[in-house]
Amino acid sequence: QPGPDERKSELLPAGWEANKEVYTLRYKSTDDAHELLLKAIMVEDSMILNVMDRSSQKVADVTLAVADYINSEHLDDFHKVYRNTEELRTRIASGIIAPLGATAEKAKKEPEAEKKDPDLPRDYNPLRVPPRQPAGTRAPSWPSPLSPFAVGGEDLDPFG
């Protein structure tokens with residue numbers, strides 16, 4: 001949750017690196033439509049990036065070997081600290097951005113799918129077994145008896 005004195009900024013908040021095992025950051029879209037919670041968890045020589053979209057509660061994560069993407073000899077120079085940036089970009093795009101972006105696209109497409117099939121009843125179940133009738137035939141029309149016990153009455157009537 002945001003603190004009382006927090007304001008939107010692209011700068012890292014004070015004390016963001018206080019815990020060396022877990023880094024937590026919040027990102028908000030410029031229109032305030034989406035808020036992402038990022039947790040970077042250090043596990044030995046790897047970092048697990050776990051991202052949750054707070055509006056949809058959708059979670060995505062990716063595990064990265066820090067040595068594959070960070071040059072520890074140049075931590076003081078932003079332009080030299082990263083290595084394999086294209087691979088890093090691809091891993092983040094496929095592991096985090098694509099899964100979280102798919103939920104927003106699905107939410108937009110689902111109402112359209114409902115409008116496409118207005119002929120189907122609301123309780124339509126595609127797994128239900130249909131009644132056993134051959135195609136193109138209908139049930140024979142039986143004369144309704146006068147009473148349920150009248151069946152076979154003509155056979156037993158000696159005068160009829």
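Residues numbered from 1 in each chain as written. Predicted model: local features only at pLDDT ≥ 70, side-chain atom pairs only at ≥ 80, totals over all residues. Heavy atoms only, no water.

### So, the overall build of the protein
The helix and strand tally for the protein stands at four helices and four strands. Counted from the first residue to the last, the protein has its helices and strands arranged as β-β-β-β-α-α-α-α. When the 160 residues of the protein are sorted by exposure, 12% land in the buried category. Once local pairs closer than 6 in sequence are excluded, the contacts in the protein between residues at least 24 apart make up 22%. (Helix = DSSP H or I, 4+ residues; strand = E, 2+ residues; numbered from the N terminus. Buried < 20%, exposed > 50% of the residue type's maximum accessible area, 1.4 Å probe, protein only. Contact = heavy atoms within 4.5 Å.)

### Examining the sheet that holds strand 3 (residues 46-53)
The strand order 1-2-3-4 describes an open sheet built from four strands, whose pairing is antiparallel. Bordering the open sheet on either side are strand 1 (22-28) and strand 4 (58-65), each of which pairs with just one other strand. Taken over all neighbouring pairs, the strand axes of this sheet differ in orientation by 15° on average, direction set aside. (Pairing = 2+ DSSP bridges. Axes fitted to C-alpha atoms, helices over the stretch in contact; angles between N-to-C directions.)

### Quick notes on the pattern of salt bridges
Scanning the entire structure with this criterion turns up three salt bridges. Across the salt bridge formed by Glu-35 and Arg-54, the nearest N and O atoms sit 3.4 Å from each other. With Glu-35 in strand 2 (residues 35-43) and Arg-54 in the loop between strand 3 and strand 4, the pair connects residues that are 19 residues apart, well separated along the chain. The class of Glu-35 is buried, set by a relative accessible area of 17%. Classification of Arg-54 by relative accessible area gives partly exposed; the value is 26%. For Glu-86, the salt bridge is made with Arg-89, and the minimal N-O distance between the two is 2.6 Å. (Salt bridge = Lys/Arg side-chain N within 4 Å of Asp/Glu carboxyl O.)

### A word on the environment of Leu-36
With respect to the secondary-structure elements, Leu-36 resides in strand 2. Discounting chain neighbours no more than four positions away, the residues touching Leu-36 are Leu-25, Arg-26, Tyr-27, Val-51, Met-52, Asp-53 and Leu-100.

### Some points on the confidence of the model for the protein
Here the protein averages 76 in pLDDT, while 64% of its residues score no lower than 70. Here helix 4 (residues 153-156) is the element of the protein with the lowest mean pLDDT, 64, and strand 3 is the one with the highest, 92. Within the model, the stretch residues 104-115 combines pLDDT values under 50 with zero contacts to residues more than four positions away or in other chains. (pLDDT = per-residue confidence, 0-100.)

### Focus on the side chain of Glu-35
In terms of polar contacts, Glu-35 uses its side chain to reach the side chain of Arg-26, at 3.5 Å. With residues up to four places along the chain from it excluded, the contact list for Glu-35 reads Arg-26, Tyr-27, Lys-28, Met-52, Asp-53 and Arg-54. (Polar contact = N/O pair within 3.5 Å; in protein donor to acceptor, adjacent residues only side chain to side chain.)

### What to know about the environment of Ala-93
Locating Ala-93 in the fold gives a position in helix 3 (residues 85-116). Ignoring any residue separated from it by four or fewer positions in sequence, one finds Ala-93 in contact with Ala-98 and Pro-99.

### A short note on the nonpolar core
One finds Leu-38, Leu-49, Val-51, Val-62, Leu-64, Ile-96 and Leu-100 to be the most contacted residues of the largest nonpolar core, which totals 13 residues. The set of elements that each furnish at least two residues to this core consists of strand 1, strand 2, strand 3, strand 4 and helix 3. Not counting residues up to four positions away in its chain, the partners in contact with Ile-96 are Leu-49, Val-51, Ala-60, Asp-61, Val-62 and Arg-91. (Core = buried A, V, L, I, M, F, W, Y, C linked by side-chain atoms within 4.5 Å.)

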